[in-house]
Amino acid sequence: SNQNFIRNFSIIAHIDHGKSTLADALMRVCGALEQRHEKEQFLDTMDIERERGITIKAQTVRLSFRAKDGNLYQLNLMDTPGHVDFSYEVSRSLAACEGSLLVVDASQGVEAQTLANVYKAIEHNHTLIPVLNKMDLPSADPENIKTQIQNLIGLSGDDALEVSAKKGTGIEAVLQSIVDRLPSPQGDATACLKALLVDSWYDAYLGVILLVRVVDGIITQKMKIFMMAANAVYTVEQIGIFTPYPTPVNHLACGEVGYIIANVKTVRDCHIGDTLTEEQRPATEALPGFKPCTPVVFCSLFPTEAGDFDRLRESLAKLHLNDASFSYEMDTSNALGFGFRLGLLGLLHLEVVQERLEREFDLDLIITAPSVVYKIQLQNGTWIDLHNPADMPTPNEIHSMLEPWIKATLLVPDLYVGAVLTLLVERRGIQDSLEYITPTRALMVYRMPLNEVAFDFYDTLKSLTRGHASFDYDMDGYEEGELVLLSILLNGEPIHALASVVPQMRAYEKGRAICEKLKGILPRQLFPIAIQAAVGGKILARETVSALRKNVTAKCYGGDITRKRKLLEKQKEGKKRMRKFGNIEIPQKAFIEVLKLG
Ligand code: GDP
Ligand code: MG
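Residues numbered from 1 in each chain as written. Chains lettered and ligands numbered in written order. Predicted model: local features only at pLDDT ≥ 70, side-chain atom pairs only at ≥ 80, totals over all residues. Heavy atoms only, no water.

**Student:** Quick question: what am I supposed to make of the overall build of the chain here?
**Tutor:** Counting its secondary structure elements, the chain contains 14 helices and 34 strands. Counting across all 598 residues of the chain, residues that qualify as buried make up 55%. Considering only residue pairs separated by 6 or more positions, the chain has 68% of its internal contacts joining residues 24 or more positions apart. When the accessible area of the chain is evaluated, it comes to approximately 26100 Å², of which 50% is carbon and sulfur surface. (Helix = DSSP H or I, 4+ residues; strand = E, 2+ residues; numbered from the N terminus. Buried < 20%, exposed > 50% of the residue type's maximum accessible area, 1.4 Å probe, protein only. Contact = heavy atoms within 4.5 Å. Areas by Shrake-Rupley, 256 points an atom, 1.4 Å probe, with all protein chains shown as cover.)

Structural data, given as structure tokens:
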């Protein structure tokens, strides 16, 4: 097919503004969905995504649209994950397109993720088509939203389309605008092959599937493909497109998007963002922008039942088949036994992985506090990356320590601005800007340490603002910090899983808070328990859980063990899950509660 009749686009939006519903509506108008499939939104494939309304794996659909000029156009819709944790995948999807539909809920207006995604789309030179969705709602306020789009994004509000994805109104106009306003792909069909590896995933029937965008040249059957970053050669076994159902085709021409299957063994062998070229006639230069995605948040996972360790290992391996963006390795803890240390792209990524393990693999897990990656310069001059607070060198070995910072964007109704400002200051935030984008809504841009958002920042923000604030962030370099390792000891023994890196000025306050919290949570034993918080051998705080008298024990802790086990199984919440440490029992709740103090 001719390149002039191709348009590649993605849809960007804040969560819940209607990206998936619009994608469905576009498919329906183009006849891509058969009646029987219409019940389900096609693009969100995983349960968690559907429940939370987030899209994790990028998907793609080829649509056929007859435009007003009478020609049949091939429109390739690349779905993008909406959340910044998956910004690497967002970037890859955007790099495969020439333009984006910018969906804004006409009753809510521009939100933090709208802006974060717009910045990314602009980086990729995208032409943006603003689409005001949910026009069927009585609270839709298109004039106000157009002003926001104009002021915040610099796009003319007059160009905005008004639709109801749910009711299916205004959808033809969106398709026609894609044809009219977005450029066609500009590659050279006769040049040597250059294709961008947009995504890869494991399919139980087909094996590893590679989603590619052909930038120059053509991909044909049996072609020997050279993956430039992976430095590996594969033979193309099958070529296809998603309509949205996988449909084999003969080739992928210049400018087209589709999948190939090439006997790749695991997704680990594919580097998303890699350039595919032809072994016989290789491109000399790879496409720009390839960089490996590196985990920024680490935490450890332990099975609640020690006997589940092998299952946890198998489950992680299976999950890794579809998500090569997290890393994992064995970890051991004196309190929690054998587990794994996970590296993740961000906090939502952590939640997604945890939920998938618990749900899809039916595992009960104990998760330690997420820790960011610190860069430490030792006295001897060498630099190390610290992934686990338990591995922190002693203070006299450390020359200096850097921590990662973020640039946070928040949109907050004026009612809550005071409370959010207080929260940001508590979290070591530094103001870049604060402006009212409407008389009742403030846009705040703050720089702050990632460490400060790593545990309960989202939850605190949500409860402070009754869910009316939106938040997004981007990594923003490393800065020197006065940081220390805060250890927690029970009867003199450090509990590695409770160790954390904290700003020096807050060590005392945090140490006290953790000790007090633990005191309230640890069940009493037959002997007293000393709880201590320490930095570098210096005890900052101490609490004692006094011993139980014998007869009371019989009531609380007696009874036969099998009954107790059954109880354990029933308590899915994990409140009663215990881990023996020496002879001190630590309920999982104690961990979660302590970890919340971050
Ligand atoms: P996404 O998170 O951007 O993918 O948003 P979804 O497509 O999942 O939509 C979020 C919610 O908004 C869902 O409950 C949709 O039914 C609803 N929604 C989407 N489009 C419209 C619309 O045009 N009108 C109304 N009233 N609701 C809509
Ligand atoms: Mg969605």
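So much for the structure itself; the text now carries on.
**Student:** Looking at this model, I keep getting lost on unusual backbone geometry. Mind explaining?
**Tutor:** Across the chain, the bulk of peptide bonds are trans and the bulk of non-glycine residues have phi less than zero. For the peptide bond that leads from T243 to P244, omega is 10 degrees, which places it in the cis range. A positive phi angle, near 75 degrees, is found at D16, a position not held by glycine. With respect to the helices and strands, D16 occurs in the loop between β1 (6-13) and α1 (19-29). The exposed category is assigned to D16, whose relative accessible area is 56%.

**Student:** Would you take a moment to explain the site of ligand 1 for this structure?
**Tutor:** As a matter of local geometry, ligand 1 sits amid 17 residues, with D16, K19, S20, T21 and D136 nearest to it. One of the side-chain nitrogen or oxygen atoms of S20 is found 2.8 Å away from an oxygen atom of ligand 1. Between ligand 1 and the protein, one listed contact pairs an oxygen atom with a side-chain N or O atom of K134 at 2.9 Å. Considering each element in turn, the shell around ligand 1 owes the most residues, three residues, to α1. Looking at the shell around ligand 1 residue by residue, the classes come out as three nonpolar, nine polar and five charged. (Near = heavy atom within 4 Å. Polar contact = N/O pair within 3.5 Å; in protein donor to acceptor, adjacent residues only side chain to side chain. Nonpolar A, V, L, I, M, F, W, Y, C, P; charged D, E, K, R; others polar.)

**Student:** Can you help me understand the UniProt feature "binding site: GTP" (unreviewed entry) in the chain in this one?
**Tutor:** Taking the numbering used here, the UniProt-annotated feature "binding site: GTP" (unreviewed entry) corresponds to D16, H17, G18, K19, S20, T21, N133, K134, M135 and D136. Mapped onto the secondary structure, G18 falls in the loop between β1 and α1. We classify K19 as buried; its relative accessible area is 11%. (UniProt positions renumbered as here; feature names shortened; annotations may be inferred.)

**Student:** Hey, could you run me through the pattern of salt bridges in this one?
**Tutor:** Pairs can form between side chains of opposite charge once their charged atoms are near each other. If you walk through the whole model with that rule in mind, you get 23 salt bridges. A salt bridge links E355 to R359; the nearest nitrogen and oxygen atoms lie 2.9 Å apart. Of this pair, E355 and R359 both sit in helix α8 (residues 347-360), four residues apart, which is roughly one turn of that helix. Within the structure, one salt-bridge network assembled from shared partners comprises E403, R428, E452, R506 and E509. (Salt bridge = Lys/Arg side-chain N within 4 Å of Asp/Glu carboxyl O.)

**Student:** Help me understand the sheet that holds β1, please; the structure alone is not making it clear to me.
**Tutor:** Across the sheet, which stays open at both edges, the six strands sit in the order β2-β3-β1-β4-β5-β6 with mixed pairing between neighbours. The open sheet has two edge strands with one neighbour each: β2 (60-66) and β6 (161-162). Sheet contacts for α1: β1, β2, β3 (72-78), β4 (99-105) and β5 (127-133); angle to β1, the most-contacted strand, approximately 150 degrees. Across the sheet, helix α4 (residues 112-123) touches β1, β4 and β5, and the angle it forms with β1 is around 150 degrees. (Pairing = 2+ DSSP bridges. Axes fitted to C-alpha atoms, helices over the stretch in contact; angles between N-to-C directions.)

**Student:** I'm lost on the packing of helix α7 (residues 309-322) against α8 in this one. Help?
**Tutor:** The relative placement of two packed helices is expressed as an angle between their axes plus a distance between the axes. Following both chains from N to C, one finds α7 and α8 inclined at 120 degrees, their axes separated by 11 Å at the closest point. For the element pair α7 / α8, the angle class is oblique. The two elements α7 and α8 cross, and the hand of that crossing is right-handed. For the pair formed by α7 and α8, the contact residues are L312, S315, L316 and L319 on the first element and V353, R356 and L357 on the second. Residues belonging to the contact of α7 with α8 are distributed by class as follows: five nonpolar, one polar and one charged. (Parallel < 35°, antiparallel > 145°, perpendicular 65-115°, else oblique. Left-handed = near helix turned anticlockwise from the far one by under 90°.)

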